[in-house]
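Listed below are the residues making up each chain.
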Amino acid sequence: MTLATVTKRSVKSPPRPARRGRPPTGQGAWFLVLPALLPILVLSVGPLLYGIALAFTDSQSGRTAPTRWIGTLNFQDLVHDTLFWDSFRIGLLWAVGVTVPQFLLALGLALLLNQDLKLRWPARALAIIPWAMPEVVVGIMWRLVYNPDAGILNETIRDLGLGDGRDWLSGLSTALPAVIVVGVWAGMPQTTVALLAGLQNTPRELHEAAAMDGAGAWRRFLSVTWPALRPVALAITALNLIWNFNSFALVYVLTSGGPGGRTRLPMLFAYEEAFRYGQFGYAAAMGCVLVAVISVLLAVFLAGRLKGDEDA
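Here goes a summary of the coordinates provided. This is a predicted model, so every value here is computed, not measured.

**Concerning the packing of aromatic side chains**
Working step 1: Within this structure, the stated rule accounts for 17 aromatic pairs.
Working step 2: An angle of 15° between the planes, with centres 5.3 Å apart, marks the rings of Phe248 and Tyr252 as stacked.
Working step 3: Taking relative accessible area as the criterion, Phe248 reaches 25% and is therefore assigned partly exposed.
Working step 4: By way of ring pairs, the aromatic residues Phe84, Trp85, Phe88, Phe245 and Phe269 are connected into one cluster.
Working step 5: Taking the ring centre of Trp168 as reference, the NZ or CZ of Arg166 above it sits at 5.8 Å.

Next comes the structure, spelled out in structure tokens:
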């Protein structure tokens, strides 16, 4: 036996590393995704498909005759329903009227909370309090604020000698603006949090370099802050438009769609058709139209984001 043979046998080769498991494919991947996918199918996709099917029937509450398939008759009636299109117009006014000032005020508040100020953390906590309150509680609280007899708003107007106040939620010209104010107040915290997160991701060195170059505050905002904040701003604005257009609980508690339908949003109109008048099929057709509108808004937003990513 040679020395080379003895050396070769005495020196052990290093152990092989453990083979890592391959990522699951096919049935294994579906099995892992199923726990998260099943609630979505049961609670979202299932009711959506059922609502779409219901829109093509004459389903009504308290009806003893079997439900019939009537095709697109509900949608044909909806095209000529001026009350629905009025509610649709009011919904657009509400969504835009809430989203735009909501974004502007939240942007200012986020810029303020991003500064190195004293008591910054308590101020941030106070800023998200409206977001933590349920919409029903917010509606009840603001009904007390707008109370024509003992509300804090009218009491302040009287104390300042500006008049006797008015019934804000019952006036034909003041109901929608009053509700918009509440919507802005209730939804501003989530926009503030999103914009504040975007501001904190902006490198501080860029601001310092722009300041050394002689750029003022407004110039630094346009050149440094806004380009970094723009993707977050577009995303939160699109989501706010969709959320606000689908609002229900807040307006229902404040005005129930009154006075005279001046605050009747599309979701409120569909709710009344279904649960006040029992027209389930007709209300489902309204829901289908609203889903289609929201889908178009999402498609436009996603197309714009994808185009922006390709240009970048």
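**Some details on the environment of Leu196**
Working step 1: With respect to the helices and strands, Leu196 occurs in helix α9 (residues 175-200).
Working step 2: The exposure class of Leu196 is buried, given its relative accessible area of 11%.
Working step 3: When the C-alpha atoms of Leu196 and Leu111 are compared, they prove to be 7.2 Å apart, with 85 residues separating the residues in sequence.

**A few points about unusual backbone geometry**
Working step 1: The residue after Gly258, namely Pro259, is reached through a cis peptide bond having omega -5°.
Working step 2: Relative to the assigned elements, Pro259 resides in the loop between α12 (249-254) and α13 (266-275).
Working step 3: A positive phi angle, close to 55°, is found at Ser256, a residue other than glycine.
Working step 4: The residue Ser256 is located in the loop between α12 and α13 in this model.
Working step 5: According to the relative accessible area criterion, Ser256 is partly exposed, its value standing at 37%.

What counts, and at which threshold
- Residues numbered from 1 in each chain as written.
- Predicted model: local features only at pLDDT ≥ 70, side-chain atom pairs only at ≥ 80, totals over all residues.
- Heavy atoms only, no water.
- Phe/Tyr/Trp six-rings, centres within 6.5 Å; stacked < 30°, edge-to-face > 60°.
- Buried < 20%, exposed > 50% of the residue type's maximum accessible area, 1.4 Å probe, protein only.
- Lys NZ or Arg CZ within 6 Å of the ring centre and 35° of its normal.
- Helix = DSSP H or I, 4+ residues; strand = E, 2+ residues; numbered from the N terminus.

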